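# Secondary and tertiary structure notes
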Amino acid sequence: MNDLDTRLAPARPGALRRAAPALLGYAAVRALGLAVLALWSGARGKDAYTLLTARWDSLWYTRVAELGYGYEVRLPNGDVHSNLAFFPLLPWLERLGAAVSPLSYADAGFAVTLLASLAAAWGIFAVADHVYGPRAGVCAVLLWAVLPVGIVQSMAYSESLFTALAAWSLYAVLTGRWVTAGVLAGLAGLTRPVGLAVVAAVWAAGAASFVRDRSVAPGHGARDAERAGAPAADRRVRAPEGARAEPDAPGVRLRRALGMFLAPLGAAGYVLWVGHRTGGGPLGYLDVQAGWRNGFDGGYAFARFVAGRFTSFPSALAGLGLVAGVGLVVWLYVVCVRRRQPLPLLVYTGVVTALALCASSYFGSKPRLLMPAFPLLLPLAPALARLRTPRSAAVVAVVAAASAVYGAFWLNGSGPP
């Protein structure tokens, strides 16, 4: 399962038909979440569609789509909130949608989110199906849908778009489609700063494949075999089912190198452009993030925030919840490592988790920032898949209802998700 050989796997016929149960289940969960949000918001005199498309980060994205970059807000404490902090792919798609249809920028953002969330669900199914089989793939998608912060998957935010690009890039790596993986990683890098995680996954898998190729090269294998007194063929690394055991052909190595070259271009291009625009050089984007009080401090600020919850009894319960949540995330990652998930998934999940937990600001948004780390759910998917269908359906239904209620409560609160 964790073999580093990622050569091209045979295409499966009827890919959409194979993924249909996962996509239908995902659509049903999201429809429930939207229905509960509409009822809850209506009871409070609020408009659910406005909460989804015209508050918090959604407004920043639509403003970029309409007016371009250069808008900023100066706060009384001296902080500067610049829209340069928001990566451009979602605003570009909003602008495109508004240009080719009668939709507004906000409407286009909502449409992009709905389509991207389905693409993300399909990508998650493809990855889980590749690693554990179709039934676990369906369960992985449903688990992602019923996350407590799953309502964000239906907001005009960039999480769904990023998750879709990340999932399909990882699937492309797992199946040896290196150029596709590099292009999708580049687009992910134009979507969110955490696109670095997809780049790291492509590079780690590519580097491991190059190392593996050297280890099974005919000359090296023969010399090692002679020293060990065994035939060279017996010393070769075993490849996964359907893959060749001999080293890659030059064309495959070239495509792998091209994919690795393409992967960081999106993120690097935008970061360098921001640095040029602000006059801050290669680190100019970090200055923009500092204006939002965003940074990477290894988790020190988050640890202080959690510790501060234990100063009184009511808030101590929230503190316990935060500790339990972080512990669950760490435990799931350890399980992923112990079950020897493929290297690209481990690298991607590790980087997403580290960036989310170790950022120095917006602590209430950390559950949302962890949402793209879908491989954390893969150890749970086979366990859910082993249940009888009625029982697994009942479990998903109960959790989906709880997620829908929590999402409605969350979005009707005062702070951004």
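Coordinates for the structure precede this section.
Residues numbered from 1 in each chain as written. Predicted model: local features only at pLDDT ≥ 70, side-chain atom pairs only at ≥ 80, totals over all residues. Heavy atoms only, no water.

A separate point is the overall build of the chain. Broken down by element type, the chain carries 19 helices and two strands. The burial tally for the chain puts 48% of its 417 residues in the buried class. Summing over all exposed atoms, the chain offers an accessible surface of approximately 19200 Å²; the carbon and sulfur share of this is 67%. (Helix = DSSP H or I, 4+ residues; strand = E, 2+ residues; numbered from the N terminus. Buried < 20%, exposed > 50% of the residue type's maximum accessible area, 1.4 Å probe, protein only. Areas by Shrake-Rupley, 256 points an atom, 1.4 Å probe, with all protein chains shown as cover.)

An ideal rise of 1.5 Å per residue puts 38 Å on 26 residues; helix α15 (residues 313–338) measures up with 37 Å between its terminal C-alpha atoms. Along α15, the residues that are buried comprise Ser315, Ala316, Gly319, Val329, Leu332, Val335 and Cys336. Two residues or fewer after α15 comes Arg340, characterised by a positive phi angle close to 60°. (Expected span 1.5 Å × (residues − 1).)

When charged atoms on two side chains of opposite charge get close, those side chains can pair. Counted by the stated rule, this structure contains eight salt bridges. Across the salt bridge formed by Asp57 and Arg368, the nearest N and O atoms sit 3.9 Å from each other. Taken together, the residues span a long stretch of sequence, with Asp57 in helix α3 (residues 57–67) and Arg368 in helix α17 (residues 366–370) at a distance of 311 residues. We note that Asp57, like Arg368, is buried. As a salt-bridge pair, Arg293 and Asp79 come within 2.7 Å of each other at their nearest N and O atoms. Here Asp79 lies in the loop between β1 (72–74) and β2 (80–82) and Arg293 lies in the loop between α13 (284–291) and α14 (300–308), a separation of 214 residues in the sequence. By relative accessible area, Asp79 is classed as buried at 12%. Members of the salt-bridge network, linked through shared partners, are Asp57, Glu159, Arg192 and Arg368. (Salt bridge = Lys/Arg side-chain N within 4 Å of Asp/Glu carboxyl O.)

Turning our eyes to something else, we now look at unusual backbone geometry. Of note in this structure, Trp56 is not a glycine but carries a positive phi near 55°. Relative to the helices and strands, Trp56 is located in the loop between α2 (48–53) and α3. The backbone of Arg293 sits at a positive phi, close to 60°, despite the residue not being glycine.

Taken as a whole and judged by the stated rule, the model has 18 aromatic pairs. With a centroid separation of 5.6 Å and 15° between ring planes, the pair formed by Trp60 and Phe86 is classed as stacked. Of this pair, Trp60 sits in helix α3 while Phe86 is found in the loop between β2 and α4 (89–100), placing the two residues 26 residues apart along the sequence. Overall, the relative accessible area of 12% leaves Trp60 in the buried class. On the basis of an interplanar angle of 75° and a centroid distance of 5.2 Å, the ring pair of Tyr61 and Phe86 is categorised as edge-to-face. You can see Tyr61 sitting in helix α3 and its partner Phe86 sitting in the loop between β2 and α4, a full 25 residues away along the chain. The pair formed by Tyr61 and Phe86 is uniform in burial state, with each residue classed as buried. Among the aromatic side chains, those forming a connected cluster through ring pairs are Trp60, Tyr61, Tyr71, Phe86 and Trp292. It is Arg256 that lies over the ring of Phe210; its NZ or CZ is 4.5 Å from the centre. Its guanidinium or amino end placed over the ring of Phe302, Lys366 lies 4.9 Å from that ring's centre, counting from NZ or CZ. (Phe/Tyr/Trp six-rings, centres within 6.5 Å; stacked < 30°, edge-to-face > 60°. Lys NZ or Arg CZ within 6 Å of the ring centre and 35° of its normal.)

Here we come to the nonpolar core. Side chains of a nonpolar character, in soluble globular proteins, are inclined to be buried together. In this structure, Leu37, Trp144, Tyr270, Tyr348, Phe374 and Leu411 are the most contacted members of the largest nonpolar core, which totals 104 residues. The residues contacting Trp144, other than those within four sequence positions of it, are Tyr26, Ser117, Ala120, Ala121, Ile124, Gln153, Thr163, Met371, Phe374 and Leu377. (Core = buried A, V, L, I, M, F, W, Y, C linked by side-chain atoms within 4.5 Å. Contact = heavy atoms within 4.5 Å.)

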